[in-house]
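Here's the letter readout for the chains.
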Amino acid sequence: MINIRAVFAALLICAGPVWAEEVGEVGVDWVGNDIMIEAIADPKVEGVTCHIAYFDRGLFDRLSKGNWFEDPSNASISCRQTGPIKIGDIDRDEDGEDVFRTSRSIILKSLRVKRIFDEKNQTLIYLAHAAELTDGSAKLSMSTVPLYNSD
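Calculation notes
Residues numbered from 1 in each chain as written. Predicted model: local features only at pLDDT ≥ 70, side-chain atom pairs only at ≥ 80, totals over all residues. Heavy atoms only, no water. Helix = DSSP H or I, 4+ residues; strand = E, 2+ residues; numbered from the N terminus. Buried < 20%, exposed > 50% of the residue type's maximum accessible area, 1.4 Å probe, protein only. Polar contact = N/O pair within 3.5 Å; in protein donor to acceptor, adjacent residues only side chain to side chain. Contact = heavy atoms within 4.5 Å. Pairing = 2+ DSSP bridges. Axes fitted to C-alpha atoms, helices over the stretch in contact; angles between N-to-C directions.

Undergrad: Give me the side chain of Thr 49: which residues, what numbers.
TA: You can see Thr 49 is positioned in strand 3 (residues 45-56). Residue classification places Thr 49 among the buried residues on the basis of a relative accessible area of 15%. Within the structure, Thr 49 has its side chain in polar contact with the side chain of Thr 82 (distance 2.9 Å). Among residues more than four places away in sequence, those in contact with Thr 49 are Ala 39, Ile 40, Ala 41, Ser 78, Cys 79, Arg 80 and Thr 82.

Shown next, in the form of structure tokens:
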């Protein structure tokens, strides 16, 4: 007999979601809108942590504007070496790979962090951008981590 819990746990492990850890929250107005700051460790590059900041709309703002299920696409990212860097099995194509993804609306919009390896310049590029099903978004932020004497 198949153990459903074991299958579910295996699927979660294989999916390999990256979890962001909330490290800060800044209230920006009296209606509950906040700027959230989260730390994201790159799961395939040991020693690199990215901090991402984004706007989180409060309940009053959602009700007053009538757009209940969507947050703005704006985000800012900063990535730094936080320990000895050890690069795992990363995608080395020029389109890179997703490091982190979170929903910004009920269905159509997500915020993504993508890693691109600039092998010639020995630099990791981290790009935070919105991905929308209906339209692309020009809202983006980028950070780089130079690889000096790393594995």
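Undergrad: Please set out the sheet that holds strand 3 residue by residue, giving values where relevant.
TA: In space, the four strands of this open sheet follow the order 1-2-3-4, with antiparallel pairing throughout. Of all strands in the sheet, those bounded by a partner on one side alone are strand 1 (21-27) and strand 4 (75-87). The average undirected angle you get between the axes of adjacent strands in this sheet is 15°. Here strand 2 (residues 34-41) pairs with strand 3 via eight bridges, running antiparallel. Note on strand 3: the bridge partner recorded for Glu 38 is Ile 52.

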